[in-house]
Amino acid sequence: MSDPWEDAVRRAHVLHLRVPPGTPEPLFRAVLRVLEPISPIVQVIPPGAALLDVAGVLRLHGRSPYELATVIRVRVLAYTGVDIHLGVAENWALAATASAHPTSNGIRLVPDDADAVAALLHPLGIEALHGIGPRQAETLRGYGIHTIGALAHVPAATVQRILGGRPGRQLRERALGKDPRPVTPTVLPRSTSEQRRFAHDELVGDFVQAAILDAVVSLGARLREHALVATELQLQLRMHDRTFLTRSRKLPAATAHTADLRECAYRLLGSLRLERARIRGVMVRADHLLDADRVAEQISMDRTEENLRRIETAVDRANRRFGPGTVRPAALAGRRAA
C-alpha cells in the first residue's frame, strides 16, 4: 500500500529554476543545456528562469522530483558555477513561489498537500503572490488584505469585484495554490545586444540619443553580417541610481536595417517621457532573431529607401575592409567607434 505523503511528494512534478539576477545570457544558456538530459519538457522564461515537467521521466531516472532537483542543482554548479534556486511543486505558480523562497540548500519542496501549500503561501506578503502586479497588490492592501493567506480567505466574488473578473479569479486561485497552466516546451529566443556606458550622468538629450544610435549602428551591422533579422527591439536605460528602465516593442516587420532599428529605438525612448532624467548608460537589444533567408523581405517602391539600403550595403563592405566604424552616420562624428 502506497504512502500518502510519498504520493503527495511525487505529484509535485513541476520544477521552477531561477538563476541569480544579472546572469549573462551565455551562462544562462549553459544552465539550460544541463537540463536537456533531465526532461524533454522545458519551458524557458527569459531572462533567467525555466520550468521542467518531470512527471514522465521519474521512472526513467528512478528518482523523485525533489531528488532530480538536487541532481540539477549539483550539476549546474559543477558545470557552470551558477548557484541556482529551485522550487518543486504540483504547478507552475506554486513552484515559482517556492524557488523565490528556497531553504538553506537552495531548493524548496511543496508537496501536493493542503497544509504544505498553506505553510508556504499564507505567511507571505501579498506582493509575493506569483503574477500579481504592484498596482493590484496596492489595491488589495487598501482593503486590508496584506498577506496571501488573507486573500485565500476572501470570497471569490469579492476579489473579482476588487480586481476585476478574470484577474481576481486567477489571483485568488493562486493564493489557494492552484494554477492549471501546463509546462509548454520552449527555447530561449536568440538575441544580441549593444550597450554604451557613460563616464558620468548625462541628461536625456542629444548625447543619449547619439549613444542609442551608436549602439543601433553596431547592432544592425552585426545582424547583417550574420544574416539575421530581428522581430523585436528592447531599449534599456541605466539610471543614475543604478535602477533600470526597460521598454520593448515588436518591429513592424523582421529587419536588420539600421534605419528601421533606429526609428524603433527612438520611439521607445520617446515612450518613456523622461524630462531632466540622469542616465548612466544605454542598452539596445535585438530579440527573437530569425535567419534572414527564412524571412521574405518586402520590396519597397520608395526610391529613397532603396537608395539607403544600397548605401548601407556599401558601408558594410567598407567597414569590413577597413575596420569597424570607418564609415559612420554624420551624427556620430567625433564619437569613438565601439
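Residues numbered from 1 in each chain as written. Predicted model: local features only at pLDDT ≥ 70, side-chain atom pairs only at ≥ 80, totals over all residues. Heavy atoms only, no water.

We now examine the overall build of the protein. Along the protein, the regular secondary structure elements total 13 helices and 10 strands. Viewed in the frame of its principal axes, the protein has a C-alpha envelope of about 75 × 50 × 40 Å. For the protein, with 338 residues in total, the buried portion stands at 42%. A total accessible area of about 18,900 Å² is found for the protein, and carbon and sulfur atoms account for 52% of it. Within the protein, the 36 negative side-chain charges are centred at a point lying 3 Å from the centre of the 46 positive side-chain charges. (Helix = DSSP H or I, 4+ residues; strand = E, 2+ residues; numbered from the N terminus. Buried < 20%, exposed > 50% of the residue type's maximum accessible area, 1.4 Å probe, protein only. Areas by Shrake-Rupley, 256 points an atom, 1.4 Å probe, with all protein chains shown as cover. Lys, Arg positive; Asp, Glu negative; His and termini not counted. Charge placed at Lys NZ, Arg CZ, Asp CG, Glu CD.)

This next bit is on the pairing of strand β1 (residues 14-18). β1 sits mainly inside the fold: 4 of its 5 residues count as buried. Of the strand pairs in this sheet, β1 and strand β3 (residues 49-53) are connected by 5 bridges, and their pairing is antiparallel. The partner of Arg18 across the bridge, within β3, is Ala49. Sheet topology places β1 next to strand β4 (residues 85-89); 5 bridges connect them, and they run antiparallel. Looking across to β4, one finds that Leu15 is bridged to Val88. (Pairing = 2+ DSSP bridges.)

End to end, helix α11 (residues 206-225) covers 28 Å across 20 residues, agreeing with the expected 28 Å (1.5 Å per residue, within 8%). Inspection of α11 places Val208, Ala210, Ala211, Ile212, Leu213, Asp214, Ala215, Val216, Val217, Leu219, Gly220 and Leu223 among the buried residues, and these make up the whole buried set. Residues of α11 that are buried make contact with β6 (192-203), β7 (228-239), β8 (244-255), α12 (258-271) and β9 (278-287). Where α11 ends, the next residue or the one after it, Ala227, has phi of about 55 degrees, a positive value. (Expected span 1.5 Å × (residues − 1). Contact = heavy atoms within 4.5 Å.)

This next bit is on the environment of Val282. Tracing the sequence through the fold places Val282 in strand β9. Residue classification places Val282 among the buried positions, given a relative accessible area of 3%. For Val282, the contacting residues outside a window of four places in its chain are Glu194, Gln195, Arg196, Phe198, Val208, Ala211, Ile212, Gln236 and Leu237.

Per the stated rule, a full pass over the model turns up 13 salt bridges. Notably, a salt bridge pairs Arg190 with Asp291, separated by 3.3 Å at the nearest N-O pair. Taken together, the residues Arg190 in the loop between α10 (165-175) and β6 and Asp291 in strand β10 (residues 290-291) connect sequence positions 101 residues apart. Overall, Asp291 belongs to the partly exposed group, its relative accessible area being 27%. Taking the shortest distance from any N to any O, the salt bridge between Asp214 and Arg196 comes out at 3.0 Å. Remark: Arg196 occurs in strand β6 and Asp214 occurs in helix α11; sequence separation between them is 18 residues. Arg196 matches Asp214 in its accessibility class, with the two residues each being buried. (Salt bridge = Lys/Arg side-chain N within 4 Å of Asp/Glu carboxyl O.)

Burial analysis of β3 places 5 of its 5 residues in the buried class, the great majority of the element. Taking every second residue as pointing to the same face, both faces of β3 are buried, with Ala49, Leu51 and Asp53 on one and Ala50 and Leu52 on the other. The pairing of strand β2 (residues 42-45) with β3 spans 4 bridges and is antiparallel. Residue pairing for β3: Val44 is matched across the bridge by Ala50. Hairpin connection of β2 to β3: 3 residues between the antiparallel strands.

Another point: the packing of helix α5 (residues 92-100) against helix α6 (residues 114-121). For the pair α5 and α6, interaxial distance at closest approach is 11 Å and the crossing angle is 50 degrees. As far as their axial angle goes, α6 and α5 are oblique. In this structure, α5 crosses over α6, and the sense of that crossing is left-handed. Facing α5, whose interface residues are Leu94, Thr97 and Ala98, α6 presents Val117, Leu120 and Leu121. (Axes fitted to C-alpha atoms, helices over the stretch in contact; angles between N-to-C directions. Parallel < 35°, antiparallel > 145°, perpendicular 65-115°, else oblique. Left-handed = near helix turned anticlockwise from the far one by under 90°.)

Time to look at the environment of His16. With respect to the secondary-structure elements, His16 resides in strand β1. On the basis of relative accessible area, His16 is assigned to the buried category, the value being 4%. Ignoring any residue separated from it by four or fewer positions in sequence, one finds His16 in contact with Ile45, Ala49, Ala50, Leu51, His85, Leu86, Gly87, Ala95, Ala96 and Ser99. Side chain to side chain, His16 and Ser99 meet in a polar contact 2.8 Å long. (Polar contact = N/O pair within 3.5 Å; in protein donor to acceptor, adjacent residues only side chain to side chain.)

Before going further, it helps to examine the packing of helix α9 (residues 156-163) against α10. As a packed pair, α9 and α10 sit with axes 7 Å apart at the nearest point and diverge in direction by 130 degrees. Between α9 and α10, the angle is such that the two are oblique. Classified by chirality, the crossing of α10 by α9 is right-handed. Contacts between α9 and α10 pair Ala156, Val159, Gln160 and Leu163 from the former with Gly165, Pro167, Gly168, Arg169, Leu171 and Arg172 from the latter. Residues of the contact of α9 with α10, tallied by class, amount to 5 nonpolar, 3 polar and 2 charged. (Nonpolar A, V, L, I, M, F, W, Y, C, P; charged D, E, K, R; others polar.)

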